[in-house]
Each structure stands twice: as C-alpha cells, then as structure tokens.
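Given next are the chains, with one letter for each unit.
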Amino acid sequence: MCSPGSRKIDWYHMENKDAHRQANRLMIEKFKRESPVNDTPEQKLIRLTVEHPQYRQGYSFSSYSQGWFVSDVGMKMSNAMISNQMVAVDCEMVLCEDGREGVVRVGAVDRNLKVILNEFVKPDKAIVDYRTTITGVTAEDVKNATLSLVDILLKMSFYLFIFLRDHIFTCMFVQAKLRPYLSMGTILVGHSLNHDLEVMKIDHPIVIDTSLVFKFPNAGKFRRPSLNTLCMAMLGYEVQKTGVSHHCVHDAAAAMKLVLALIENRVDTTIRLTKEMLEDEKSRFFLHRIPHYLPSKELEQVLAREFHSREFQIDVKPAKTQGGYYCAIVIFRSSKEAIRAFENISGSQERDSLGLPQKLISGPAASFYVRKMTRD
C-alpha cells in the first residue's frame, strides 16, 4: 500500500505530465500556424511530419499512463523547434504474452552517426516470440542483458525515481539515457518512429519520421515507403537484406542518413522507383485483419499451406489495442516466388481501398487478407 506521501507525489506527477502534454501540443499547433518561409531545413522536415494526415493517429500516445516519460520541451522553449540537434532511434521488439510488443534492444545515433545507445533490455512481461529471424535477438541475449537496478539508480533522476516501487525497469533505463537530449529540444529521428516511442514509453513532440516525409510518385499519402526502399532509392544500399536479421543501430543510422541527405544535399522527398526497388516491393505481401487469437506460429502454418511453400519470412506487427486485429509483412526471396504463392491462394482476387490486389484466406482457424504491395 502506498503512503500518503507517495500518493501526493503521484498526483503531482500526473498533473505535471498533463501540463507537459498540453504545452507540447500547443507548441506544435503554434509551429503549424507559422509561415514556413523562414523554416530551417530541419524545421521543414518536422513540418512535413506533423502535417501528414497520419501523424495525429500515430503520435497520439496514452502517455498519461504510468511509466511514460513526457518531454517538457514545450514548457521551456519560447520558440518552437529552434534546435538543430538530432538523435535517431530504432528498437527491436518481441511479442509478449499480452499480445503487445516489448522492447528488447535500443539503438541510437547522433547527427554525426556516433552511437550513443546500443543496449539490450528486459521486458517486464513474459516473451512468447523473440522474432529472432527479424530482430536477431535471442533468449540468451535478453537473459544476459546488462540492465540492473544499480544501472537505473546511477542514471535516473527524481522524475524516474517515483516509479521504483512498481519495478518499471524496462523503459526507465532507455528514458534516462535519452532524457538529457529531449529536454534540450533535440529532434528525434526514425522510420515509423511512433512505434519505437510507444514501446519506450516516450512522448516527445519534436520528431522527423522518414516514413511520413518521403512519398511515392502518383500514390496516395497513406502508402508509406519502407526503410529498405528509401535506402535503396536515396542512399544506394539495402539496410535490411532478405534472410538477414535487423540491427537497430544500423536502422537508426539509416534514418539519420536519409534526413542528412535531405538537409545537406537537398534531395527530393519523392521516391523514384528503380527496377531493383520494384522487385523488392513485389517480393512482399501485407497481411491485415489477422485476429488476435491466431498465434504467429499457427499463422505461419496457415500461410505455408496456402502458399504451397515455406520459403518466406514473417515480420509480425502486434495489435494496437489489446484483443484487436494485428498485421504482418511476408517477405519472399524473389518476386517470382511471391507471384506464385499469391496465385496458389484459393479464392478470388479483389482490391483494397488503395486499389492494390488482395485475397481473403478463410479457414476454420481464422480469416484474414493477403495484399500485394504493388499494383499488377
């Protein structure tokens, strides 16, 4: 049972977070109303992010919940987005027993691509799927994670101390490492950065999200390019090769390189798809409306039966709400294998709201959609 003193701290902390959230929201709204004429290159990219139609949905966090760190940058800065300091962040995530994601590794680099964070951390929930083929993280990595109470105590501030009694150690270490940058108004950079911030429980308003900044030609704003597609188009290399697990530091560095290419080289934000990039897009499927009660292992078995093949990789994206639908990306070694697998799916072809071909897989276990990433 908490003492009256600790309850008073909790109440103060909740009010404090609410004030920070409100100040941050007002700072972004003020920035959006201002003329973009005098924007710095960094501010132009922040503007592209916060004015994107999908920004509000992706970055409206439940940060009033326990364990969240809410940046106080809106309380401190008289002028919105004046800093040009940038930190790129990426996380490797596992699937936990409650159907949600848990962060197990965090990588971060600064504007000079210097690694400032590369840590394994222990989720506060039981792990049901390490996704080793995607994350590269094993049970042994998590078991040997260096995160300890002593580490946290050495790095935490009073703000973080009030959570000690609840043993919320997973995100506190990461929050403590990143907090000095956030309080200075540092710009956080990443690809689909909202997912990383959510698992780290960090609410910071000044962001550049490369999945919102770049766009395909003649495509709707809701079709977002992958990090791999952007790297091939803008940087000339693959950051995520088929059959090779991800590395959060490499992905964070790739996002930073993309932003630096826009700032320093003034490259266009519209992607010109090459033959190789189209091949990469054609070798992937997007699976959606997968019911929460279908485990990823069973999903893999269902797909193997429908595709008549086991030569593919699955990257599962857990549901945003507990008990909701989840989605996944299926990656084949080539577009030919993907085309053959799609043809093998029983059922008639239809098109989704974006006009992309998809098929419904319907069976005794569950029903869900398999959609191509490109038009035929």
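The structure reproduced in this document is the subject of the present report. Per chain, the residues get numbers from 1 upward, laid out in the order the sequence is written. Under the rules for a predicted model, residues below a pLDDT of 70 receive no local features and side-chain atom pairs below 80 are neither given nor counted, while totals for whole chains, interfaces and linings still include all residues. Derived side-chain values reflect all non-hydrogen atoms in the structure, with water molecules and hydrogen atoms excluded from consideration.

**What to know about the overall build of the chain**
- Of the regular secondary structure elements, the chain holds 16 helices and 14 strands.
- Throughout this description, buried means an accessible area under 20% of the type-specific maximum (1.4 Å probe, protein chains only), exposed means over 50%, and partly exposed covers the range between. Expressed as a percentage of its 376 residues, the buried residues of the chain come to 52%.
- Summed over all atoms, the accessible surface of the chain reaches about 18,300 Å², with 51% contributed by carbon and sulfur. Numbering of helices and strands runs from the N terminus, with a helix taken as a DSSP run of H or I at least four residues long and a strand as a DSSP run of E at least two residues long. Areas reported as accessible are Shrake-Rupley estimates using a 1.4 Å probe. Residue values count occlusion only from the protein chains shown.

**Thoughts on the environment of Ser 346**
- Of note, Ser 346 is situated in the loop between helix 16 (335-344) and strand 12 (349-351).
- In sequence terms Ser 346 and Phe 307 are 39 residues apart; their C-alpha atoms lie 9.3 Å from each other.
- In this structure Ser 346 touches Glu 306 and Leu 360, once residues within four positions along its chain are discounted. Contacts: residue pairs with any heavy atoms within 4.5 Å of one another.

**Some details on helix 16**
- Along helix 16, the residues that are buried comprise Ser 335, Glu 337, Ala 338, Ala 341 and Phe 342. Taken down its axis, helix 16 places every buried residue within 155° of arc, on the same side. Those residues of helix 16 that are exposed and aimed more than 90 degrees away from the buried face are Lys 336 and Glu 343. This arc describes the spread of directions from the helix axis toward the C-beta atoms.

**Concerning the sheet that holds strand 13 (residues 357-362)**
- Read across the open sheet, the 6 strands follow the order 10-11-9-14-13-12; overall the sheet is antiparallel. With partners counted over all chains shown, the strands left at the sheet margins are strand 10 (312-317) and strand 12, one partner each. Neighbour-to-neighbour, the strand axes of the sheet open up by a mean angle of 30°, direction not taken into account.
- Bridge count between strand 13 and strand 14 (residues 367-372): 5 bridges; the pairing is antiparallel. Looking at the pairing, Leu 360 lines up with Tyr 369 of strand 14.
- Inter-axis angles, ranging from 0 to 180 degrees, are taken between N-to-C directions of lines fitted to C-alpha atoms, where helices are fitted over the stretch in contact. Contacting strand 9 (284-290), strand 10, strand 11 (326-332), strand 13 and strand 14, helix 15 (residues 296-307) crosses the sheet at an angle of about 140° to strand 10. Paired strands are those between which DSSP finds at least two bridges.

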